[in-house]
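# Summary of the model geometry
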Amino acid sequence: MCGIVGYIGSHQAAPILVNGIKRLEYRGYDSVGVAVVNGEIEIKKEVGMIDKVNAVHCLDKMEGTRGIAHTRWATHGEPSKRNAHPHMDCTGDVAIVHNGIIENYVSIRKMLQEEGHAMASDTDSEVIAHLIEKFYEGNLETAVRKALLQIQGTYGLAAVHKRENKIVVARNGSPIVIGVKENGTFAASDASAILEHTKKMIYLDDREIGVIGPGAVVVKNLEDKKIDKGTQEIEWDLAQIEKGEFKHFMLKEIFEQPESLKNTMRGRLGNEIKLSINSRIEDSERLILVAGGTSWHAALIGRYLLEEIAKIPTEVDYSSEFRYRNPLIREKDLVVVISQSGETADTLAALREAKKRGAKTLGIINVVGSTIAREAEMGVYLHAGPEIGVASTKAFTSQVTALCMLAVYLKERKRGETDIKLMRELSTLPEKIDSVLKNKDKIKDIAGSVFKHNNFLYLGRGINFPVALEGALKLKEISYIHAEGYPAAEMKHGPIALIDENMPVVFVANKGKGYEKTLSNMEEVKARHGKIIAIATEGDEDIKRLADWVIHVPETLDILTPVINTIPLQLLAYYIADMKGLDVDKPRNLAKSVTVE
Ligand code: M6R
């Protein structure tokens, strides 16, 4: 979604700003803009990708040592130059960039227009610039505070005034981080935008305002009370947010999975599971897992794991549904929120709803310092490293692994039983994933045979039904091919009508529970001339009788097969999208972290 970068210091701001918003490209956007202050405020903005806009408008050559920049993902008003940020007030003294949604903008806009302000865009954001103008009496910070007290909704904001050597940033529901260095200060909506300049970050909380000067930062709340924030050192480094030798971030991240999984498990496996979570979790009598998208698929697998291993009744809900359905929360419920970014608006709202209703809460999050990570009472970080590709890959396998460790942990604490066998098998997964990745050329060949089809069906049973859903989602997201996931046994209740020679069907068909029944489903597809791609256990040669293509994966415990089976499905989706010549890392209409509800 939208991205913000700000810089004030002794260097030229524009190259830093343009480079920063480029680092945020992965989040998805439709237009771009930069404001630099050099006596006057100069603004350049346009619809399109940063490189193209920069080639025409030379954004990075603008002169001045303080400025703000933005990538916009349209919500209010079509993608157009006039709707792109930064927005100015009537006088041209103030410029702002904004992420989030101003819910009461219609009434504010009307009031401002009646007072004589001229609006230059269709956006909700522009009213902030005019409110600052209205309240400005020689102090930008005070004017921003007064403006923010008028608005309802969410904001990550950066504002400049042409006569004040500062940038004022603010946050409510949309992240802002401040990066500090000796001779310059940075601001961004995502630390990866400024990571190459500094690892020392100050994370704003909701309803906080930061006033940043060339080498100083003051943070206050909306009530004008100073807050001592302290800096946090970020653990990611630059190499992790660059593509290296890989064609796309998604491919790099798929190949990082042996390492990311090791990092998720590091220091946590042994004679018992070590998770730094509060002992209050041990009273939990019911777990409710909430998440969206791929993280929701991880939650579905988590339900199998928690019920099978820890024997605790577990429910799963979309975070977007949970918060609106008046959920009945009991005292001994534990609500587990799962999110790669830790910023997904629906999941954050679900977390807040759960807390309001008195549940204990635990976050399973990748991004350290993210809002959900900070607001959940307890947490398990994934440590999968930064995930830049919009399609989630390594975060998913780490989420499943973390949920498995949580299940083993609860089994130990509630029933006094240690699952050494499962822990041993967990520690072999990185090596097994490595051997699947070595099969990449075969998977690429299969992609070459099927990439022209318009519809795919993904089928799996039990704990591998969510894997089918995840395989279908990956294909949809990056290749724009219609794909559906179903429990294999459900095929006969409807989807079978779709099967013909133009319908590739991907079966997750490991040996183990339900295997024979899955073979029967494959027979049914075969009889209707469907094309079959089967994920099968190493050594299973019989399956070739039914499948047109077989991808073998190493054997593991039934309950751990989802981690292994997901890898070939990620690769299949990747190669199909790449063969179609699509922008794999930035699929149309999608954003990396969905910060609107
Ligand atoms: O950051 P989160 O895990 O909360 O994100 C949830 C979904 O938006 C996300 O998984 C989305 O479905 C991805 N594009 C999947 O690849």
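Note that the structure is a prediction, hence the values are computed from the model and not measured.

Burial analysis of strand S6 (residues 94–99) places six of its six residues in the buried class, the great majority of the element. Alternating residues of S6 divide into Val-94, Ile-96 and His-98 and Ala-95, Val-97 and Asn-99, and every residue in both groups is buried. The pairing of strand S5 (residues 87–88) with S6 spans two bridges and is classified as antiparallel. Residue pairing in the sheet places His-87 in a bridge with Ile-96 of S6. Once S5 ends, the chain turns through five residues before running back antiparallel as S6, passing Gly-92 with a positive phi of about 80°. Two strands pair when backbone bridges link them, and S6 and strand S7 (residues 155–161) are joined in this way by six bridges, in the antiparallel orientation. Its bridge partner lying in S7, His-98 is registered against Leu-157.

On the basis of which strands lie adjacent, the open sheet formed by five strands has the order S21-S20-S22-S23-S24 and parallel pairing. Whereas interior strands pair on both sides, the edge strands pair on one side only; in this sheet they are strand S21 (482–487) and strand S24 (549–553). Averaged over neighbouring strand pairs, the angle between their axes works out to 15° when direction is ignored. As defined by bridge partners, strand S20 (residues 455–460) adjoins strand S22 (residues 504–508) across three bridges and the pair is classed as parallel. Residue pairing for S22: Leu-457 is matched across the bridge by Val-505.

What follows covers the side chain of His-117. Turning to its location among the elements, His-117 is positioned in the loop between helix H3 (105–114) and helix H4 (126–135). Among the polar contacts made by the side chain of His-117, one reaches the side chain of Glu-133 at a distance of 3.2 Å.

For the rest of this paragraph, the subject is the pattern of salt bridges. This structure, assessed with the given rule, holds 47 salt bridges. Between Glu-115 and Lys-134 there is a salt bridge, with its nearest N and O atoms 2.8 Å apart. Taken together, the residues span a long stretch of sequence, with Glu-115 in the loop between H3 and H4 and Lys-134 in helix H4 at a distance of 19 residues. Among the residues examined, Lys-134 registers a relative accessible area of 33% and is labelled partly exposed. Two residues, Glu-375 and Arg-352, come together in a salt bridge whose shortest N-O distance is 2.7 Å. Highlighted residues: Glu-375 in helix H11 (residues 371–375) and Arg-352 in helix H10 (residues 345–356), separated in sequence by 23 residues. For Arg-352, a relative accessible area of 32% corresponds to the partly exposed category.

Rules used throughout
- Residues numbered from 1 in each chain as written.
- Predicted model: local features only at pLDDT ≥ 70, side-chain atom pairs only at ≥ 80, totals over all residues.
- Heavy atoms only, no water.
- Buried < 20%, exposed > 50% of the residue type's maximum accessible area, 1.4 Å probe, protein only.
- Helix = DSSP H or I, 4+ residues; strand = E, 2+ residues; numbered from the N terminus.
- Pairing = 2+ DSSP bridges.
- Axes fitted to C-alpha atoms, helices over the stretch in contact; angles between N-to-C directions.
- Polar contact = N/O pair within 3.5 Å; in protein donor to acceptor, adjacent residues only side chain to side chain.
- Salt bridge = Lys/Arg side-chain N within 4 Å of Asp/Glu carboxyl O.

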